[in-house]
Amino acid sequence: MAEKEGKVKLIGFWASPFSRRAEMALRLKGIPYEYLEEALPNKSPLLLELNPIHKKVPILVHNDKILPESHLILEYIDQTWSNNPILPQDPYEKAMARFWAKFIDDQIITVGFRSLVKAEKGREVAIEEAREKFAFLEKEVTGKDFFGGKTIGFVDMVAGSVIPFCLARLWEGMRIDVIPEDEFPELNRWIKNLKDIDSVRECIPHREKHIEHMMKVSERHKLA
């Protein structure tokens, strides 16, 4: 019990979907924590000390245990605090949750951000290629309140932090709609369900500020 009640710190960045999902998990579990904001792109000595390999946020510190990387943080939180489970108990369902989370971070971010910003084949082609990937998620969430079923889970936190509250802000700034409701009714229904969850809503970045930030990030990416 004392182990679980120890001090929890989260080092993050307000616009990072990876930080936001870690906060969602902490809030869902009702875990008191201290939040330390990084002024990225500048990296503090604390960040470099705690995560010298990747030099990225988020970083979770619990009783002097240091965890980088958002997927590991979500799993650690779930295994340390048993209330409001995040990952499924069934081994197959747990493995598939990890599969979809990796798909989102590896492929959805690529087509929903990097490929659209670069648009080397043209913007319309990039949008269509993105929609081909989003179609897999549309199918996966069909008939469910959340990817996790009746309650928010691992995939919802990963997808929720990336799609509606990060990528969609970029699309709004670019004046495009990658997942229109008439083509992706299930994903849009899922987004509405997410916004009804307190632990999610409390972690959504300020819309106008976030759009401005995402447009600046996209400009830097174009020049990279």
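Because the structure is a prediction, the values reported are computed rather than measured.

Helices and strands together make up the secondary structure of the protein, namely 9 helices and 4 strands. Across the protein, helices and strands are ordered from the amino to the carboxyl terminus as β-α-β-α-β-β-α-α-α-α-α-α-α. By its C-alpha atoms, the protein is 55 × 40 × 30 Å across when sized along the principal axes. Expressed as a percentage of its 224 residues, the buried residues of the protein come to 48%.

Moving on, we come to helix α1 (residues 17-29). An ideal rise of 1.5 Å per residue puts 18 Å on 13 residues; α1 measures up with 18 Å between its terminal C-alpha atoms. Of the residues making up α1, those classed as buried are Pro17, Ser19, Arg20, Arg21, Ala22, Glu23, Met24, Ala25, Leu26, Leu28 and Lys29.

The next thing to look at is the side chain of Arg21. Locating Arg21 in the fold gives a position in helix α1. In this structure Arg21 comes out as buried when scored by relative accessible area, which is 0%. Non-local contacts of Arg21, meaning those with residues more than four positions away in its chain, are made with Ser70, His71, Leu74, Asp105, Met157, Val158, Ser161 and Val162.

This paragraph deals with the state of the cysteines. Summed over the entire model, instances satisfying the criterion amount to 0 disulfides. Free of any disulfide, Cys166 has its nearest neighbouring cysteine sulfur in Cys203, separated by 14 Å. Taking relative accessible area as the criterion, Cys166 reaches 8% and is therefore assigned buried. For Cys203, a relative accessible area of 4% gives the class buried.

Considering the arrangement of structural elements, one finds Ser199 in helix α8 (residues 198-201). Beyond its immediate chain neighbours, meaning those up to four positions away, Ser199 contacts Met24, Arg27 and Leu28.

Our focus in this paragraph is helix α7 (residues 185-195). Inspection of α7 places Glu186, Leu187, Asn188, Trp190, Ile191 and Leu194 among the buried residues, and these make up the whole buried set. Those residues of α7 that are buried are in contact with α5 (123-141), α6 (154-174) and α8.

The subject of this paragraph is the sheet that holds strand β4 (residues 65-68). Here 4 strands make up an open sheet; going across it, the order is β2-β1-β3-β4 and the pairing mixed. This sheet does not close on itself; its edge strands, each paired only once, are β2 (34-37) and β4. On average, each strand axis in the sheet is tilted by 15° relative to the strand beside it, whichever way the strands run. As defined by bridge partners, strand β1 (residues 8-12) adjoins strand β3 (residues 59-62) across 4 bridges and the pair is classed as antiparallel. Across the sheet, Leu10 pairs through a bridge with Leu60, a residue of β3. α1 rests against β1, β2 and β3 of the sheet, and its axis sits at about 155° to β1.

A few words on the packing of α6 against helix α9 (residues 207-223). Across the interface, α6 lies against α9 with an axial gap of 8 Å and an inter-helix angle of 80°. Taken together, the axis directions place α6 and α9 in an arrangement best described as roughly perpendicular. For the pair α6 and α9, contact is made by Phe165, Cys166, Arg169, Leu170, Glu172, Gly173 and Met174 and by Arg207, His210, Ile211, Met214, Met215 and Ser218, respectively. Here the contact of α6 with α9 is composed, by residue class, of 7 nonpolar, 3 polar and 3 charged.

Following Leu40, the chain continues to Pro41 via a peptide bond in cis, the omega torsion being 15°. Inspection of the secondary structure puts Pro41 in the loop between β2 and α2 (45-50). For the peptide bond that leads from Val57 to Pro58, omega is 0°, which places it in the cis range. Relative to the helices and strands, Pro58 is located in the loop between α2 and β3. Phi is positive for Asp64, which is not a glycine, with a value near 70°. For Asp64, the location among the structural elements is in the loop between β3 and β4. Classification of Asp64 by relative accessible area gives exposed; the value is 74%. Of note in the backbone geometry, Asn84 takes a positive phi value of approximately 45° without being a glycine. Positionally, Asn84 belongs in the loop between α3 (70-80) and α4 (91-118).

Parameters and conventions
- Residues numbered from 1 in each chain as written.
- Predicted model: local features only at pLDDT ≥ 70, side-chain atom pairs only at ≥ 80, totals over all residues.
- Heavy atoms only, no water.
- Helix = DSSP H or I, 4+ residues; strand = E, 2+ residues; numbered from the N terminus.
- Buried < 20%, exposed > 50% of the residue type's maximum accessible area, 1.4 Å probe, protein only.
- Expected span 1.5 Å × (residues − 1).
- Contact = heavy atoms within 4.5 Å.
- Disulfide = S-S within 2.5 Å.
- Pairing = 2+ DSSP bridges.
- Axes fitted to C-alpha atoms, helices over the stretch in contact; angles between N-to-C directions.
- Parallel < 35°, antiparallel > 145°, perpendicular 65-115°, else oblique.
- Nonpolar A, V, L, I, M, F, W, Y, C, P; charged D, E, K, R; others polar.

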